[in-house]
Amino acid sequence: MFSVRGCGRWAVASLTKRHLRLARFCGDSAAPGTPHFDVVVIGGGHAGTEAAAAAARCGSRTLLLTHRVDTIGQMSCNPSFGGIGKGHLMREVDALDGLCSRICDQSGVHYKVLNRRKGPAVWGLRAQIDRKLYKQNMQKEILNTPLLTVQEGAVEDLILTEPEPEHPGKCRVSGVVLGDGSTVYAESVILTTGTFLRGMIVIGLERHPAGRLGDQPSVGLAETLEKLGFVVGRLKTGTPPRIAKESINFSILNKHTPDNPSLPFSFVNETVWIKPEDQLPCHLTHTNPRVDEIVLENLHLNSHVKETTRGPRYCPSIESKVLRFPNRLHQVWLEPEGMDSDLIYPQGLSMTLPAELQEKMITCIKGLEKAKMIHPGYGVQYDYLDPRQITPSLETHLVQRLFFAGQINGTTGYEEAAAQGVIAGINASLRVSQKPPFVISRTEGYIGVLIDDLTTLGTSEPYRMFTSRVEFRLSLRPDNADSRLTFRGYKEAGCVSQQRYERASWMRSSLEEGISVLKSIEFSSSKWKNLIPEASISVTRSLPVSALDVLKFEEVDMELLAKAVPDPLKKYTECRELATRLKIEATYESALFHQLQEIKEVQRDEALQLPTDLDYLSIRDVSLSNEVREKLHFSRPQTIGAASRIPGVTPAAIVNLLRYVKTTQQRQATTNALPKTDQYLCDTDKLQEREL
């Protein structure tokens, strides 16, 4: 531990000889001795930790600035990760060598796959997490990441310089100003401030400035962003009260146990850290009419609900649910907060009533008649920046080399924050080395859908990922995230370790080999019926049936198939993950063929790039309405495909824009070819003269 220029407390991740010094002399822009990093990340939440670790993995000297080192990895709201749609994001973050999936595999207390009744394309990996264990493991990871330094301190302002002429933007960020007036210079800066931008906590009619209970908000930074011209909005969210575990009557409630075996989040883990029999159960209860009465009788004491600020549609407060869906019973999941924790988290009971009324409401619910409230629930109101002001790489349009990730972009949830964080970290590092941005399209991943929705549609309420938002769900499954993203992350971004790359390569080659072998094994339908009586194979089929076709039957898996044909199929059952993935590949083989054709059509649209310097407000050779011009100017889509998804941009406008861009490109190509033609004619004349 040591300090530099009084900047506060510093924690250096690693001090081996091969790692760089904490600070170095800057160029003309920084005084000698001033700290200078490749990438500075502001915020140590789920977006910030992923961003900082990703930038460091890419080879950038990275600084993570946070209010307090001991809050890194803190789960401020629910003690769980994953779910339907969210589990997909975690697998994709892991495929890019992100942290949260591996940390969850080391910290969970209840692992379960949701949506099992549907196909594996929409399964939702989920886990209850031990808060204390997750924070310990995340801090251990962050503080031991090479090239990553952690500092305590509040950022109050940005250091801005003249813009780079070859890139759009009115200025360039080159560092940050801390609360004590000291400066840190950087080549790229990532903001992951969560709910801290002018954050306000609300309980009943009481309001306290805070980004989270016990932490001060960031006011100066919010004012700086507003002065720069960023469009700022206001959102709200909330968290439920915490209940003493010993005061709950679990015996009369529905008990839910974890999966056996438990499926890990990370591709590099074969199992989770804890056996299924040692995991903790969850319990389910419901609200009742008395809960509705308490809410409706006390609306005058709840300023958070009366606010016009938009709250989360898919994780609303109990007050919002009572108002929106009257006379209904609502689920309340009682979730453990850790192996040795005395607290229970009542999922679905987020509220902002005065504390005494919260306790009164809790005791009306079955199983909670004698419950003791340890902490009241509260609401949080905070600033966010319209995400249409960022590019698909998460760099802002207005300020060069400034990136936004997490709740600052209007999203909600740990998983959405982590997904943005890893992309922002990769691209901030690539920007330093002047390499092309790393962009995931809608056809490649849930992360691509998330970012495309934000940058083209914007959001007026906290955005949450669902499988229903994704067009190509059969292709973008949790099981194949590594084959979709790991190779790109390794080759294009350098964010993936050699070990993970080799494992993904082995899995890909094993799958290809396994599918080829399964296709090569062919028997008559009657022989398959004799070998596997459980399979509902029609014996009237005249053509031979391959083992891959047999594997498509719901009741057949690789274990059953290998018993029928031990040689050469037995070896494909030795790895449980490989056997499962072969079954999934067989299940979706026919449907995937058609979906891949649709993906190619979308990719053709995405390949039509729009010029980054196109001035939509002033171009005259294209027929666009003023409304369409304003929408395009604000969102600045990078492709024709992205432009077509902006609300209010008509198909006719897209056709006109496409025609204009192609005409302009052809004109430019002709102009560029003129000097070459002239030179060719000159050379031809000389040749003819010599021949004569």
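Everything quoted here is computed from the prediction, not taken from an experiment.

The rules behind the values
- Residue indices begin from 1 for each chain and proceed along its sequence in written order.
- For a predicted model such as this one, the threshold for reporting local features is a pLDDT of at least 70, and the threshold for listing and counting side-chain atom pairs is 80 or more; totals across whole chains, interfaces and linings nevertheless cover every residue.
- As a convention, hydrogens and water are excluded, and side-chain values are obtained from all of the structure's heavy atoms.
- Per the convention used, a helix needs a DSSP run of H or I reaching at least four residues, while a strand needs a run of E reaching at least two, with both numbered from the N terminus.
- Contacts are assigned to residue pairs that have any heavy atoms within 4.5 Å of one another.
- As used in this record, nonpolar core signifies buried Ala, Val, Leu, Ile, Met, Phe, Trp, Tyr and Cys residues forming a set joined through side-chain atoms within 4.5 Å.
- For each residue, the accessible area found with a 1.4 Å probe, counting protein chains only, is set against the maximum for its type, and the residue is called buried under 20%, exposed over 50%, and partly exposed in between.
- A pair is scored as a salt bridge if a Lys or Arg side-chain nitrogen falls within 4 Å of a carboxyl oxygen belonging to Asp or Glu.
- Only the stretch in contact is used when fitting a helix axis, every axis being a line fitted to C-alpha atoms; angles between N-to-C directions are given from 0 to 180 degrees.
- Angle categories: roughly parallel below 35 degrees, roughly antiparallel above 145, roughly perpendicular from 65 to 115, and oblique for all the rest.
- Crossings are sorted by hand: turned counterclockwise from the far helix by less than a right angle, the near helix makes the crossing left-handed, and turned clockwise it makes it right-handed.
- Any residue outside Ala, Val, Leu, Ile, Met, Phe, Trp, Tyr, Cys, Pro, Asp, Glu, Lys and Arg is labelled polar, Gly included; the first ten of those are nonpolar and the last four are charged.
- Known as pLDDT, the predictor's confidence for each residue is given on a scale from 0 to 100.
- Throughout, the arc means that of the directions going from the helix axis to the C-beta atoms.
- Stacked, edge-to-face and tilted are the three classes for Phe, Tyr and Trp ring pairs, Trp counted by its six-membered ring, which pair at centre distances within 6.5 Å; planes under 30 degrees apart are stacked, over 60 edge-to-face, the rest tilted.
- Over a ring means this: the NZ of a Lys or the CZ of an Arg is within 6 Å of the ring centre and within 35 degrees of the ring normal.
- We call two strands paired when DSSP finds no fewer than two bridges between them.
- In the analysis that follows, any N or O atom pair within 3.5 Å is treated as a polar contact, provided that within protein one partner can donate a hydrogen and the other can accept it, and provided that, for residues neighboring in sequence, both atoms belong to side chains.

**Student:** How would you sum up the side chain of Gln358? Please name residues and give values.
**Tutor:** For Gln358, the location among the structural elements is in helix H9 (residues 355-362). Not counting the four nearest positions on each side in its chain, Gln358 is found in contact with Ile203, Pro241, Met351, Thr352, Leu353, Met373, Pro376 and Gly377.

**Student:** An account of the nonpolar core is requested, with residue identities and associated values reported.
**Tutor:** In terms of nonpolar packing, the biggest core is built from 102 residues, with Val40, Val176, Leu402 and Ile426 touching the most fellow members. Sorting elements by how many residues they give to this core places helix H10 (residues 414-432) first, with ten residues. With residues up to four places along the chain from it excluded, the contact list for Leu402 reads Leu158, Val173, Val189, Leu191, Leu225, Phe230, Leu394, Glu395 and Thr396. Judged by nonpolar contacts, the second largest core, of 27 residues, contains Leu511, Met558, Ala562 and Leu569.

**Student:** So, the pattern of salt bridges: which residues are in play, and what are the values?
**Tutor:** Taken as a whole, this structure holds 38 salt bridges when the rule is applied. Here Glu513 makes a salt bridge to Lys571, at a shortest N to O gap of 2.9 Å. Here Glu513 is found in helix H13 (residues 498-520), whereas its partner Lys571 is found in the loop between helix H17 (566-569) and helix H18 (576-606), with 58 residues between them in sequence. Sharing partners across several salt bridges, the network here consists of Glu164, Arg172, Glu187, Glu395, Arg401 and Arg431.

**Student:** I'd love a proper account of the packing of helix H12 (residues 481-493) against H13, names of residues and values included.
**Tutor:** The contact between H12 and H13 brings their axes to 10 Å, and the two run at 140 degrees. As judged from the angle between their axes, H12 and H13 are oblique. Where H12 crosses over H13, the two elements pack in a sense that is left-handed. Listed contacts from H13 to Asp482, Thr486, Phe487, Tyr490 and Lys491 of H12 are Gln498, Arg500, Tyr501, Ala504, Ser505, Met507 and Arg508. When grouped by side-chain class, the residues that make up the contact of H12 with H13 number five nonpolar, three polar and four charged.

**Student:** Break down the confidence of the model for the protein chain for me, with residues and values.
**Tutor:** Fine structural detail should not be taken from predicted coordinates in areas where pLDDT scores are low. The share of residues in the protein chain with pLDDT of 70 or more is 91%, and the mean pLDDT across the chain is 89. Taken together, the stretch residues 1-29 has pLDDT below 50 and engages in 67 contacts with residues farther than four places along the chain or on a different chain.

**Student:** Describe helix H19 (residues 626-635), listing the residues and the values that go with them.
**Tutor:** Among the residues of H19, those classed as buried are Val628, Arg629, Leu632 and Ser635. For H19, the angular spread of the buried residues around the axis is 145 degrees, confining them to a single face. Across H19 from its buried face, at more than 90 degrees, point the exposed residues Asn626 and Glu630. In the stretch just after H19, Arg636 is the one whose phi turns positive, near 45 degrees.

**Student:** Explain the environment of Glu627 residue by residue, including any values.
**Tutor:** Within the element layout of this structure, Glu627 appears in helix H19. The exposure class assigned to Glu627 is partly exposed, which follows from its relative accessible area of 48%. The sequence separation of Glu627 and Val649 amounts to 22 residues, and the corresponding C-alpha distance is 8.4 Å.

**Student:** Tell me about unusual backbone geometry, and name the residues and values.
**Tutor:** Between Asn260 and Pro261 the backbone carries a cis peptide bond, its omega angle lying at 5 degrees. Following Asp567, the chain continues to Pro568 via a peptide bond in cis, the omega torsion being 20 degrees. Structurally, the position occupied by Pro568 is in helix H17. Despite not being glycine, Arg198 shows a phi value in the positive range, around 50 degrees. Residue classification places Arg198 among the partly exposed residues on the basis of a relative accessible area of 23%. At Arg636, a residue that is not glycine, the phi angle is positive and equals roughly 45 degrees.

**Student:** So what's going on with the packing of aromatic side chains? Residues and values would help.
**Tutor:** Two aromatic rings are characterised by how far apart their centres lie and by the angle between their planes. Per the stated rule, a full pass over the model turns up six aromatic pairs. Ring centres 5.1 Å apart and planes at 40 degrees place the aromatic pair Phe81 and Tyr414 in the tilted group. One end of the pair, Phe81, is in strand E4 (residues 80-82); the other, Tyr414, is in helix H10, with 333 residues separating them in the sequence. Judged by its relative accessible area of 8%, Tyr414 falls in the buried class. Summarising the aromatic geometry, the rings of Phe487 and Tyr501 are spaced 5.7 Å apart at their centres and angled 80 degrees between planes, so their arrangement reads as edge-to-face. Pair noted here: Phe487 is in helix H12 and Tyr501 is in helix H13, with a separation of 14 residues, a long-range link. Judged by its relative accessible area of 7%, Phe487 is buried. These aromatic residues form a ring-pair network of at least three members: Phe81, Tyr134 and Tyr414. Between Arg91 and the ring centre of Phe267, over which it is positioned, the NZ or CZ distance is 3.8 Å. Lying across the ring of Phe487, Arg508 places its NZ or CZ 3.8 Å from the centre.

**Student:** Go over the pairing of strand E10 (residues 183-191), please, and point to the residues and values.
**Tutor:** Of all nine residues in E10, eight are buried, a share of seventy percent or more. Note: strand E9 (residues 171-178) against E10, three bridges, orientation antiparallel. Bridge assignment links Gly175 to a residue of E10, and that residue is Tyr185. Hairpin remark: E9 followed by E10, antiparallel, with four residues in the connecting loop; positive phi at Gly181, about 90 degrees. The sheet contact formed by E10 and strand E22 (residues 402-404) spans three bridges and is parallel. Across the sheet, Ile190 pairs through a bridge with Phe403, a residue of E22.

**Student:** How would you summarise helix H6 (residues 289-297) if you had to cite specific residues and measurements?
**Tutor:** Every buried residue of H6 is listed here: Val291, Asp292, Ile294 and Val295. Angularly, the buried residues of H6 cover 160 degrees about the axis, an arc narrow enough to put them on a single face. As for H6, its buried residues are in contact with helix H8 (318-324) and H9. Structurally, the start of H6 carries an N-cap: the backbone nitrogen of Arg290 is 3.1 Å from a side-chain oxygen of Asn288.

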